[in-house]
Amino acid sequence: MTLLSALAADPARAAVIVDFDGTLAPIVDDPPAATPLPEAAATLDRLARCFGRVAVVSGRPVSFLRHHLPVDGLTLFGQYGVERSVGDGIETVPAAARWVEAVHRAADEAEAELPGLFVERKGTVAVGLHWRRRPDLEAAAVDLGHRLAGLHGLRLEPGRQTVELRPPLDVDKGTAVEELATGASAALFIGDDRGDLAAFDTLTRLVDEGRLTHAVRVAVRSSEAPAELLDRADFVVDGPRGALRLLDELVALVV
Ligand SMILES: [Mg+2]
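Quick notes on the rules
Residues numbered from 1 in each chain as written. Predicted model: local features only at pLDDT ≥ 70, side-chain atom pairs only at ≥ 80, totals over all residues. Heavy atoms only, no water. Helix = DSSP H or I, 4+ residues; strand = E, 2+ residues; numbered from the N terminus. Buried < 20%, exposed > 50% of the residue type's maximum accessible area, 1.4 Å probe, protein only. Polar contact = N/O pair within 3.5 Å; in protein donor to acceptor, adjacent residues only side chain to side chain. Contact = heavy atoms within 4.5 Å. Donors = N, O, S within 2.8 Å, 3.2 Å for Na, K, Ca; no water. Pairing = 2+ DSSP bridges. Right-handed = clockwise from strand over helix to strand, strands pointing away. 1 Å grid on protein atoms, 1.4 Å probe; cavity = no way out; pocket = protein on both sides within 12 Å on 5 of 7 lines; lining within 4 Å. Points joined across faces, edges and corners; volume = space filled by probe spheres on them. Core = buried A, V, L, I, M, F, W, Y, C linked by side-chain atoms within 4.5 Å. Axes fitted to C-alpha atoms, helices over the stretch in contact; angles between N-to-C directions. Domains from an automatic or database assignment. Buried area = accessible area lost by both parts, 1.4 Å probe. Salt bridge = Lys/Arg side-chain N within 4 Å of Asp/Glu carboxyl O.

### Quick word on the side chain of Arg 160
By the secondary structure assignment, Arg 160 is in the loop between strand E8 (155–159) and strand E9 (162–166). Take Arg 160: its relative accessible area is 14%, and that puts it in the buried class. A polar contact is formed between the side chain of Arg 160 and the side chain of Ser 222, at a distance of 3.2 Å. For Arg 160, the contacting residues outside a window of four places in its chain are Gly 22, Ile 27, Arg 132, Asp 192, Asp 193, Ser 222 and Glu 224.

The following block contains the structure:
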């Protein structure tokens, strides 16, 4: 039995967990303008009808994910697990509240110090420093990110041509995946970036601990994909189109 058919064998007890940027949505120069591939919502809808739990886990705010993926039965974890969808509402990890002011100040200071850098306020609990449109600012942006993280007690997370400042909470894509996979017998995670390694680690550990029977780690290949992610994947797919193709195959194994 292949890994995918193991997942499809007992769909009610399987979790399918998907990253957003670079996985459902092509990477674009202007991060707020990113949109999922047109077929993505329909694929997630079919998955949600077949599998016990289907979720998107992303660094984006839940409000952004909900706007782009209006799919019934889809669970959304945003801000790397700091936010989650609960019915029509959004719940934020309570410990994040005391960091809102520090994140706000770091965003103001980044804008003042490096004009030309794109400073993205991601809700109230994270700020992204993006140099995709100004590659000449990379070194300065990384340096600024380190300084602001130290100054405000925030955590610096590297991404694709970006660094993000986030509260130093014990919450990441790994903890989100652990929660989503709890009670399932099999789980799949698909992602494209460094922040997705924590999700891969969690799946590996849950199998080692006997809490999952099967785990499927899927990496989305791109010119920017970290080698470590590709090396550790059970499957590698090409770009968001390849990711959707694999998810469609998974649906076809059930219906
Ligand atoms: Mg991604």
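Anyway, onward from the coordinates.
### So, the coordination of the magnesium ion
Within the protein, the atoms that donate to the magnesium ion are Asp 19 (OD), Asp 21 (O) and Asp 192 (OD), at distances of 2.0 to 2.2 Å. One chain supplies every donor for the magnesium ion, spaced along it as D-x1-D-x170-D. Here the residue Asp 19 occupies a position in the loop between strand E1 (14–18) and helix H2 (40–50), and Asp 192 occupies one in the loop between strand E10 (186–191) and helix H7 (197–208), the gap between them amounting to 173 residues. Accessibility expressed as a relative area gives 3% for Asp 19, which makes it buried.

### What to know about the environment of Leu 144
Following the sequence through the fold, Leu 144 ends up in helix H5 (residues 138–152). Owing to a relative accessible area of 1%, Leu 144 belongs among the buried residues under this scheme. For Leu 144, the residues in contact, after removing those within four places along its chain, are Ala 110, Glu 113, Leu 114 and Leu 117.

### Here's the deal with the pairing of strand E11 (residues 214–221)
The buried fraction of E11 is high, at six of eight residues. As paired elements, E11 and strand E12 (residues 235–238) share four bridges and run parallel to each other. Within E12, the residue paired with Arg 221 across the bridge is Asp 238. Handedness of the crossover joining E11 and E12 through helix H8 (residues 227–232): right-handed.

### What about empty space enclosed by the protein?
If you walk through the whole model with that rule in mind, you get one cavity of 30 Å³ or more. As a volume, the largest cavity reaches approximately 400 Å³. Every residue lining the largest cavity is counted, 27 residues in all, and those nearest its centre are Asp 21, Ile 27, Thr 162, Glu 164 and Asp 193. Contributing elements (two or more residues each) for the lining of the largest cavity: strand E6 (118–122), E8 and E9.

### Focus: the nonpolar core
Among the nonpolar cores identified, the biggest contains 36 residues, and Val 16, Leu 24, Leu 44, Leu 47, Val 56 and Leu 188 are the most heavily contacted of them. Counting residues per element, this core draws most heavily on helix H9 (residues 239–254), which supplies six residues. With residues up to four places along the chain from it excluded, the contact list for Leu 44 reads Val 18, Leu 24, Val 54, Val 56, Leu 69, Val 71 and Leu 74. Within the second largest apolar cluster, 26 residues are counted, among which are Ala 106, Ala 107, Leu 114 and Leu 129.

### Notes on the side chain of Arg 166
The residue Arg 166 is located in strand E9 in this model. Within polar-contact distance, the side chain of Arg 166 engages the side chain of Gln 79 at 3.4 Å. The residues contacting Arg 166, other than those within four sequence positions of it, are Gly 59, Gln 79, Tyr 80, Lys 122, Val 125, Ala 126, Leu 154, Arg 155 and Glu 157.

### Observations regarding the sheet that holds E6
If you trace the four strands from one edge of the open sheet to the other, you get E6-E7-E9-E8, paired in antiparallel fashion. With partners counted over all chains shown, the strands left at the sheet margins are E6 and E8, one partner each. Along the sheet, successive strands turn relative to each other by an average axial angle of 20 degrees, direction set aside. Strand contacts of helix H4 (residues 100–113): E6, strand E7 (126–130) and E9, with the helix running at about 165 degrees to E6, the strand carrying the most contacts. The strands touched by H5 within the sheet are E7, E8 and E9, with E9 carrying the most contacts at an inclination of about 10 degrees.

### Looking at the domain arrangement of the chain
Note: interface size is frequently given as the accessible area lost on complex formation between the parts. Assigned domains of the chain: these are domain 1 (3–92 + 171–254) and domain 2 (95–166). The distance between the C-alpha centroids of domain 1 and domain 2 comes to 25 Å. Facing 20 residues of domain 1, the contacting portion of domain 2 comprises 17 residues. Interface area, domain 1 with domain 2, both sides summed: about 1500 Å², of which 53% is carbon and sulfur. If you sort the residues of domain 1 by the area they bury against domain 2, Asp 29, Gln 79 and Glu 224 come out on top, with a joint share of 30%. The tally of links between domain 1 and domain 2 comes to five salt bridges. A salt bridge links Glu 224 to Arg 160, with the shortest nitrogen-to-oxygen separation between them at 2.6 Å. Between domain 1 and domain 2 we count nine residue pairs in polar contact (both at pLDDT 80 or more) in total.

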